[in-house]
Amino acid sequence: MPDSAPGLFADLRQRIARVPRLRLACLPTPLQEMKRLSAALGGPRLFVKRDDLTGLAFGGNKVRNWEFRLPDLVDQGADTAILGLDLQSNSARQSTAACIQAGLRCILVLEGKRPNAVQGNLLIDFLLGAEVHFADDRAHQRRLLDDLAAREKTEGRKAIIVNDSPMFEVASSLAYMESLMETLEQMTQLGVATDHVYISSAGKAQGGMALLEALMGHSFKVHGVTATAEWKVAPRTLEIARATAKTLGIEVPLTVEAIVNHAEFVGPGYGKPSAASIEAVKLFARTEGLILDPIYSGKCAAGLLAHIREGRFQPTESVVFVHTGGTPAVFNYPDLWLPAAG
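Summary of the structure given here. Numbering of residues starts from 1 in each chain and follows the order in which that chain's sequence is written. Restriction of local features to residues with pLDDT of at least 70 applies here, the model being predicted, together with a cutoff of 80 or more for giving and counting side-chain atom pairs; totals for whole chains, interfaces and linings are based on all residues. To get the side-chain values, all heavy atoms of the structure are used, and hydrogens and water are removed first.

### Considering the overall build of the protein
Runs of H or I in DSSP of at least four residues are treated as helices and runs of E of at least two as strands, each being numbered from the N terminus. Summing up its helical and strand segments, the protein has twelve helices and ten strands in all. Against the compact-globule benchmark of 20 Å for 342 residues, the protein has a radius of gyration of 20 Å, which places it among compact chains. Oriented by its inertia axes, the alpha-carbon framework of the protein measures out at about 60 × 60 × 30 Å. Accessible area is worked out with a 1.4 Å probe on protein chains only. A residue is then buried under 20% of its type maximum, exposed over 50%, and partly exposed in between. Here the protein holds 342 residues, and 58% of them are scored as buried. By definition in these notes, contact holds between two residues if any of their heavy atoms fall within 4.5 Å. Across the protein, every contact between residues at least 6 apart in sequence was considered, and the portion connecting residues at least 24 apart equals 77%. Carbon together with sulfur atoms contributes 54% to the accessible area of the protein, which is approximately 14400 Å² in total. Charged residues are defined here as Lys and Arg on the positive side and Asp and Glu on the negative side; His and the ends of the chain fall outside this count. One atom stands in for each charge, and that atom is NZ of Lys, CZ of Arg, CG of Asp or CD of Glu. Side-chain charges in the protein split into 36 positive and 37 negative, and the spacing between the mean points of these groups amounts to 2 Å. C-alpha atoms define the radius of gyration, and 2.2 Å times the number of residues to the power 0.38 defines the globule rule. Surface exposure here means Shrake-Rupley accessible area, sampled with a 1.4 Å probe, where a residue is shielded only by the protein chains that are shown.

What follows is the structure, encoded as C-alpha cells:
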C-alpha cells in the first residue's frame, strides 16, 4: 500500500463521517487467506474478504449499503420502505432486516411468479415479515411500486420507493469504498501487497472501489464481474463513482477506460446458474468450506478461476475475492449439489 494511504484514508473517513449513517453491520469483516484453493489452482496467493459475515439475516454486502440508505428515509419521515427487486434477491432479504432495525415497514415488489415451494431468500423475506408482492415483468413492477406508494399515502402512512432515492446507488458506493479501505489495511497488517480485487458488480459497489483505486494511483486493480447483461456496467460504474466523488467533495480524474468489468460470465442469463458458477461454488466449498451462491458470488468466483487458469497472474501476486454473501440462494438448487443417483 502506498505510503500516502494512511493520510488519504483518514481524509476519506472524515468525509464519509459527514454523511448521515445508521450503524448496522458487524465491522470490520474478516480477511482470510485461501491457501487450499490457491494450492489447488497453482497460485496466485488468494484471500477472501468475508462480507458474507456482516450480521443481519445471513449477512452480505447490502447490510453495509443500508447504513447510508436508512438515514435518508428517516429524514424524509418515512415509516415504510418500498423496494422493487428480483424474486430471489439477496438485497430483499437484507433490506427487510435493515428496515426492522430502523423500525420501518418493508414492502417488496419482486419480479417473478411465486414458486410452489418457497425457499431461499424468498423464504427469509416472509420470515422477516415483509409484505411481498409479485410482478410479471419490470413494467408491472413499476406500476405496483407506484400503486402501493399511493395506497400507503391514502392509509395515512409515508412510504418511500427506495429504488428512486438519490442515495440508493451512492450508498453502495460509499460502503464499498470503506470496505476496500478495510481490506487494504488488513492486507498491509499481514505484510502482503494487494494486486487485484474481485467483486460481483452491477456498478454500484464497484463505483466506490474504482474511485479509491484512482485516488491511490491505480496501485492495484479492481475487477468487477457482472451477473447481468442489463446494463453496460463500466459506464454505469463511472457515473456512480462521479456521483460519490461529488457527495464527498473530492475531485479525481477517472475515465471509463480505467474501469475493468468482465461481462462474459453471465452464462445463460441473469438469475440462472452457469456451468462455470456451479463448478466455482463446489470448488470454494470443497477446498475452503466457503458457501457462495451460484448467481452472484459464484459467477464472480467463476471469473476469478478462469483468469487464474488462463495465466493472467504471476504466482507471486495476491488477489482478494470479496465474498458478497448470498448463502440462502444455494437452497433453491438442491439438485446441483447432490451426488448423482445410483
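Read on for the rest.
### Re unusual backbone geometry
Here L27 and P28 are connected by a cis peptide whose omega angle stands at -5°. Considering the arrangement of structural elements, one finds P28 in the loop between helix 1 (5-17) and strand 1 (31-33). Each neighbour pair has its own omega, and for G43 with P44 the value is 0°, a cis peptide bond. With respect to the secondary-structure elements, P44 resides in the loop between helix 2 (35-41) and strand 2 (45-50).

### Comments concerning the layout of surface pockets
Any residue with an atom within 4 Å of a point lines the site, the site being either a cavity, points on a 1 Å grid over the protein atoms alone where a 1.4 Å probe fits but cannot get out, or a pocket, an open set with protein on both sides within 12 Å along at least 5 of 7 lines. Grid points are joined across faces, edges and corners, and a volume is the space filled by probe spheres set on the points. Roughly 920 Å³ of internal volume is contained in the largest pocket. Lining of the largest pocket is provided by 40 residues; of these, L85, D86, F168, K204 and W231 occupy positions nearest its centre. The class makeup of the residues in the lining of the largest pocket is eleven nonpolar, 17 polar and twelve charged. Looking at the second largest pocket, its volume works out to about 290 Å³. Under the grouping applied here, Gly and all other residues not named as nonpolar or charged are polar, the nonpolar ones being Ala, Val, Leu, Ile, Met, Phe, Trp, Tyr, Cys and Pro and the charged ones Asp, Glu, Lys and Arg.

### A short note on the packing of helix 10 (residues 275-288) against helix 11 (residues 297-309)
Simply put, an axis is a line fit to the C-alpha atoms, just over the touching stretch for a helix, and the angle between two N-to-C directions goes from 0 to 180 degrees. Their axes nearest at 8 Å, the elements helix 10 and helix 11 cross at an angle of 85°. By the criterion of interaxial angle, the relationship of helix 10 to helix 11 is roughly perpendicular. Between helix 10, through A276, S277, E279, A280, V281, L283 and F284, and helix 11, the contact on the second element is made entirely by G298, K299, A301, A302, L305 and R309. In terms of residue class, the contact of helix 10 with helix 11 is made up of eight nonpolar, two polar and three charged. Angle categories: roughly parallel below 35 degrees, roughly antiparallel above 145, roughly perpendicular from 65 to 115, and oblique for all the rest.

### Describing the pattern of salt bridges
By salt bridge we mean one thing: a side-chain nitrogen of Lys or Arg within 4 Å of a carboxyl oxygen of Asp or Glu. Taken as a whole and judged by the stated rule, the model has 24 salt bridges. Between E111 and R138 there is a salt bridge whose closest N-O contact spans 2.7 Å. Taken together, the positions of E111 in strand 4 (residues 105-111) and R138 in helix 6 (residues 138-154) put the pair 27 residues apart, joining distant regions of the chain. Residue E111 is classed as partly exposed on the basis of its relative accessible area, which comes to 23%. Under the relative-accessibility criterion, R138 is labelled partly exposed at 37%. Salt-bridge contacts for R142 lead to D164; the nearest nitrogen and oxygen are separated by 3.0 Å. Pair noted here: R142 is in helix 6 and D164 is in the loop between strand 6 (159-161) and helix 7 (167-189), with a separation of 22 residues, a long-range link. Accessibility expressed as a relative area gives 46% for D164, which makes it partly exposed.

### Quick word on the state of the cysteines
Each disulfide consists of a covalent bond between the sulfur atoms of two cysteine residues. By disulfide we mean two sulfur atoms from cysteines, separated by a distance within 2.5 Å. According to the stated counting rule, one finds zero disulfides in the structure shown. Note on C26: no disulfide assigned, nearest cysteine sulfur contributed by C99 at a separation of 18 Å. For C99, a relative accessible area of 0% translates into the label buried.

### A few points about the sheet that holds strand 1
Any two strands are treated as partners once DSSP identifies two or more bridges connecting them. The six strands lie next to each other as 1-2-10-7-8-9, forming an open sheet whose pairing is mixed. Two strands in the sheet have a free side with no partner beyond their single neighbour: strand 1 and strand 9 (260-262). Averaged over all pairs of adjacent strands, the angle between their axes in this sheet comes to 25°, without regard to strand direction. Pairing geometry for strand 7 (residues 196-200) and strand 10 (residues 318-323), over three bridges, is parallel. Residue pairing across strands places Y198 opposite F321, the latter belonging to strand 10.

### Observations concerning the packing of aromatic side chains
Put simply, two rings from Phe, Tyr or Trp (the six-membered ring, in Trp's case) pair if the centres are within 6.5 Å, and we call them stacked under 30 degrees between planes, edge-to-face over 60, tilted for the rest. Tallied over the entire structure, the rule returns three aromatic pairs. For the ring pair Y198 and F313, a centre distance of 6.2 Å and an interplane angle of 85° mean the geometry is edge-to-face. Note that Y198 is positioned in strand 7 and F313 in the loop between helix 11 and strand 10, a separation of 115 residues in sequence. In terms of burial, Y198 and F313 fall into one category: buried. Considering the side-chain rings of Y270 and Y296, the 6.0 Å spacing of their centres and the 70° angle between planes classify their relative orientation as edge-to-face.

None of this, on its own, says anything about what the molecule does.
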